[in-house]
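An overview of the molecular structure
Residues per chain, in single letters:
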Amino acid sequence: MTGLLPPKNVRRLLLAGVASVCAAATLACGPSYFEIPIETPIQPKLDVSAFQRVLIAGFVAGGSEDVDANQETVRLLRSQLRSKSSLRVIDADVMQLQEIAQEQSKGAPETGEEPPASKESSGATPTQVSSVTPSPEHATQPLPAKIKEEKDLEPYERLFANTSYWKRIGEEYQNPLIVTGTVLFMPNSRSGFVSRDVEQIDGYGRRRVVPVRQYLERKGFILRPKFVFIDGRSGATIYSESYREEVLYNSQTNTPALSSYFELMDRLVPNFLSALSSQKIRGTRVLLK
Amino acid sequence: MFSRVAASVVLIAAVSAAPLYADARSDAKAQVAFGIDVAQKGLWREAIYRWEKAAELDPTYAAAYNDLAIGYEHEGQLDKARQAYEKALEIDPNNAQIRQNFELFKEINDRTASAKERP
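Keep in mind the model is a prediction, meaning the values are calculated, not measured.

A word on the overall build of chain A
Within chain A, the secondary structure is distributed over eight helices and eight strands. Every one of the 289 residues in chain A was classed for burial, and the buried ones make up 30%.

Thoughts on the overall build of chain B
Each helix and strand in chain B was counted, giving five helices and zero strands. The helix and strand sequence of chain B, counted from the amino end, reads α-α-α-α-α. Of all intrachain contacts in chain B linking residues separated by at least 6 positions in sequence, the fraction that spans at least 24 positions is 47%.

A closer look at the nonpolar core
Counting 43 residues, the largest nonpolar core has A:V60, A:V179, A:F185 and A:F229 as its most contacted members. Put simply, the parts of the chain that give this core at least two residues each are strand 2 (53-63), helix 2 (69-84), helix 3 (97-106), helix 6 (157-160), strand 4 (177-201), strand 5 (207-231), strand 6 (237-242) and helix 8 (257-276) of chain A. With seven residues, strand 2 of chain A is the single largest residue contributor to this core. When neighbours within four sequence positions are excluded, A:F229 is seen to be in contact with A:L46, A:L177, A:V179, A:T237, A:I238, A:Y239, A:S240 and A:A275. B:A28, B:A55, B:Y85 and B:I98 belong to the second largest nonpolar core, which has 30 residues in total.

Side note on helix 3 (residues 62-74) of chain B
Residue pairs three or four apart in sequence face the same way in an α-helix, which turns once every 3.6 residues. All names here are of chain B. In this model, helix 3 (13 residues) spans 19 Å end to end at C-alpha, consistent with the 18 Å of a helix rising 1.5 Å per residue. Summarising burial for helix 3: 13 of the 13 residues are buried, a large majority. Positive phi shows up at G76, right after helix 3, with a value of about 80°.

Looking at helix 2 (residues 44-57) of chain B
Residues and elements named next belong to chain B. In a regular helix each residue adds 1.5 Å, so 14 residues correspond to 20 Å; helix 2 covers 20 Å between its end C-alpha atoms and thus fits that length. The complete set of buried residues in helix 2 reads W44, A47, I48, R50, W51, A54 and A55. On an axial view of helix 2, the arc spanned by its buried residues comes to 165°, and they lie on one face. Opposite the buried face of helix 2, at more than 90 degrees from it, the exposed residues are R45 and E56.

A word on the environment of B:A81
Following the sequence through the fold, B:A81 ends up in helix 4 (residues 78-91). With twelve residues separating them along the chain, B:A81 and B:A69 place their C-alpha atoms 4.2 Å apart.

Notes on the packing of helix 2 of chain B against helix 3 of chain B
Residues and elements named next belong to chain B. One can describe the packing of helix 2 onto helix 3 by two numbers: an axis separation of 9 Å at closest approach and a directional angle of 150°. Relative to helix 3, the element helix 2 is oriented roughly antiparallel. As helix 2 packs across helix 3, the resulting crossing turns out to be left-handed. Across the interface between the two elements, W44, A47, I48, W51, E52, A54 and A55 from helix 2 touch A64, Y65, D67, L68, G71, Y72 and H74 from helix 3. Along the lines of polarity and charge, the residues of the contact of helix 2 with helix 3 split into ten nonpolar, two polar and two charged.

With respect to unusual backbone geometry
Residue and element names in this part refer to chain A. Residues other than glycine seldom take positive phi values, yet Q174 does so here, at roughly 60°. Summarising the element assignment, Q174 is placed in the loop between helix 7 (163-172) and strand 4. Unusually for a residue other than glycine, N175 sits at a positive phi of about 55°. Looking at the secondary structure, you find N175 in the loop between helix 7 and strand 4. The partly exposed category is assigned to N175, around which 18 C-beta atoms lie within 10 Å.

Structural notes on the confidence of the model for chain A
All names here are of chain A. With 78% of its residues at a pLDDT of 70 or more, chain A shows a mean pLDDT of 82. When pLDDT is averaged over each element of chain A, strand 3 (residues 88-89) comes out on top at 96 and helix 1 (residues 7-29) at the bottom at 59. Below a pLDDT of 50 lies the segment residues 109-131, which in the model reaches 57 contacts outside its immediate sequence neighbourhood of four places, other chains included.

Some details on the packing of helix 3 of chain B against helix 4 of chain B
Residue and element names in this part refer to chain B. In the contact formed by helix 3 and helix 4, the axes pass within 8 Å of each other and the chain directions differ by 160°. In terms of their interaxial angle, helix 3 and helix 4 are classed as roughly antiparallel. In the crossing of helix 3 with helix 4, the sense of the turn from one axis to the other is left-handed. Between helix 3 and helix 4, the contacting residues are A62, Y65, N66, L68, A69, Y72 and E73 on the first element and L78, K80, A81, A84, Y85, K87, A88 and I91 on the second. Here the contact of helix 3 with helix 4 is built from residues that sort into eleven nonpolar, one polar and three charged.

Re the confidence of the model for chain B
Residues and elements named next belong to chain B. Here chain B averages 84 in pLDDT, and 74% of its residues register 70 or above. Within the model, the stretch residues 114-119 combines pLDDT values under 50 with 15 contacts to residues more than four positions away or in other chains. The ipTM value of the predicted complex is 0.80, and its pTM value is 0.62.

A few points about the environment of A:V198
Residues and elements named next belong to chain A. Within the secondary structure, V198 is located in strand 4. A sequence separation of 15 residues divides V198 from R213, and the C-alpha atoms of the two residues are 9.8 Å apart. Discounting chain neighbours no more than four positions away, the residues touching V198 are V210 and V212.

Concerning the pairing of strand 6 of chain A
All names here are of chain A. In terms of burial, strand 6 is a largely internal element, five of the six residues being buried. When strand 5 meets strand 6, the two strands line up antiparallel, connected through five bridges. Paired with K226 across the bridge in strand 6 is S242. With antiparallel pairing between neighbouring strands as the criterion, strand 5 and strand 6 make up a hairpin whose turn holds five residues, including G235 at a positive phi of roughly 80°.

Quick notes on the rules
Residues numbered from 1 in each chain as written. Chains lettered and ligands numbered in written order. Predicted model: local features only at pLDDT ≥ 70, side-chain atom pairs only at ≥ 80, totals over all residues. Helix = DSSP H or I, 4+ residues; strand = E, 2+ residues; numbered from the N terminus. Buried ≥ 20, exposed ≤ 12 C-beta atoms within 10 Å, placed from the backbone. Contact = placed C-beta atoms within 7 Å. Core = buried A, V, L, I, M, F, W, Y, C linked by C-beta atoms within 7 Å. Expected span 1.5 Å × (residues − 1). Arc of directions from axis to C-beta. Axes fitted to C-alpha atoms, helices over the stretch in contact; angles between N-to-C directions. Parallel < 35°, antiparallel > 145°, perpendicular 65-115°, else oblique. Left-handed = near helix turned anticlockwise from the far one by under 90°. Nonpolar A, V, L, I, M, F, W, Y, C, P; charged D, E, K, R; others polar. pLDDT = per-residue confidence, 0-100. Pairing = 2+ DSSP bridges.

The structure is reproduced here in structure tokens:
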């Protein structure tokens, strides 16, 4: 008993056929893109193959008296380099560079003997850097005993340009790569209007997020380190880079200075490490068929 | 008479070129698919070889250049990666996925502007 199907059934059969062909085609072809995790290796900014050891000498530090920025920076960088660099970290007493610079300026000044060929960083994160070679006015400026702001650090630049001094330090520690510089960690406060999202419930019980502008008084800290890399064999600066990071909290929040210091250093450490050792940046990309 | 012959020659040329193009694209697609397969298993050098081959077989295949760029990026060959992304976007400027990959690449590349190219 066969007969012609009614036209309605024919249409249904046709539709089902087309749908199954489409499904089969999709299954056969598979997706046209694939997300894939990648790790991009980034070469270090400096060629440190000539060095087996690194001396984190010390920093001319100033700003907040709640944190010994010299001691803390040396400790932090040494521990980071121990785990994330192939260079052997020299354990030595932290140099009190501020005192050393004061003594040098009292005695026969050795500044400006050989202007070092410094290579300045031009990365996105680092702020504009001033040259390590001190300008003539900085070379003669008196060294401020208390470092409260950035301009107090400028006269100390001549310490990093003193090649014979750093060469002597290099000889003492068997020609390592020397890391030194300046660290300014100072309190900061700012007030003004801040926009933040606030959750509200309307008359119908619905939740919604509304941006609200609010006048806030905030306080926090600014961290401005400058890392100077010196060749211990010649005493010359081979590279330097400066950074600036700041953090602000609600004025009612009482955040200890030391924890703010670590919070800010945490942001900078990857950049510091990328000068000395290769880093891998993780990400995701889309492969296409 | 001449115009008829000329028209026939053009027609024959067009008809015979179409399968050639289709062949090049399908061969390139096979290489790209294989490359994706091995890249997912972590064999990036083999993947790069396949994607280079795909781009050679069909220089108009944007996906091959996109994947090649990702491979180069993974190997730290950032200059080559940039060139491959640029080629992919030249072929398919409106492809949002290629554009997004390129933007992410640029973010890393700009951040490490002073890093040297891996040999």
